[in-house]
Amino acid sequence: MKTATTHLTPERVTALVAVLAGALAALLTLYAGGGIGSVVGATVLAYVLTVVAVAVRVPLRLGQVLAASGRGTVIAAVITVIVLMGIVRAVRGLV
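Being a predicted model, the structure only gives us computed values, none of them experimental.

Caption draft 1: Seen up close, the environment of V44. Mapping V44 onto the fold places it in helix α3 (residues 36-57). The exposure class assigned to V44 is partly exposed, which follows from its relative accessible area of 42%. Residues V44 and A90 lie 46 residues apart in sequence; the distance between their C-alpha atoms is 26 Å.

In structure tokens form, the structure reads like this:
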């Protein structure tokens, strides 16, 4: 019987935290008024710095971290933040 702890490897947890940190960086950059390029740059930078910071403290297989985060997860997070902020700005403009 497989439990949640067999699926929660340090690499998967690191990938999840890194993607969430990237999405938060994208949200803050958009909220501060940054453009699309700044949002993407902040997201990638936050993702990489999070993975490096965790890898310094915990022995990780970096290939597994990249595989756990998936091919388009960071891109999907950035696009989601951009769309949601566009909706918020549109609703705010209607009021």
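Caption draft 2: How the structure looks around the environment of V78. For V78, the position within the fold is in helix α5 (residues 73-94). Looking at V78, the relative accessible area reads 9%, which means it is buried. Taking the C-alpha atoms as reference, V78 lies 9.6 Å from V19; in sequence the two are 59 residues apart. In this structure V78 touches V39, V40 and T43, once residues within four positions along its chain are discounted.

Thresholds, definitions, all that
Residues numbered from 1 in each chain as written. Predicted model: local features only at pLDDT ≥ 70, side-chain atom pairs only at ≥ 80, totals over all residues. Heavy atoms only, no water. Helix = DSSP H or I, 4+ residues; strand = E, 2+ residues; numbered from the N terminus. Buried < 20%, exposed > 50% of the residue type's maximum accessible area, 1.4 Å probe, protein only. Contact = heavy atoms within 4.5 Å.

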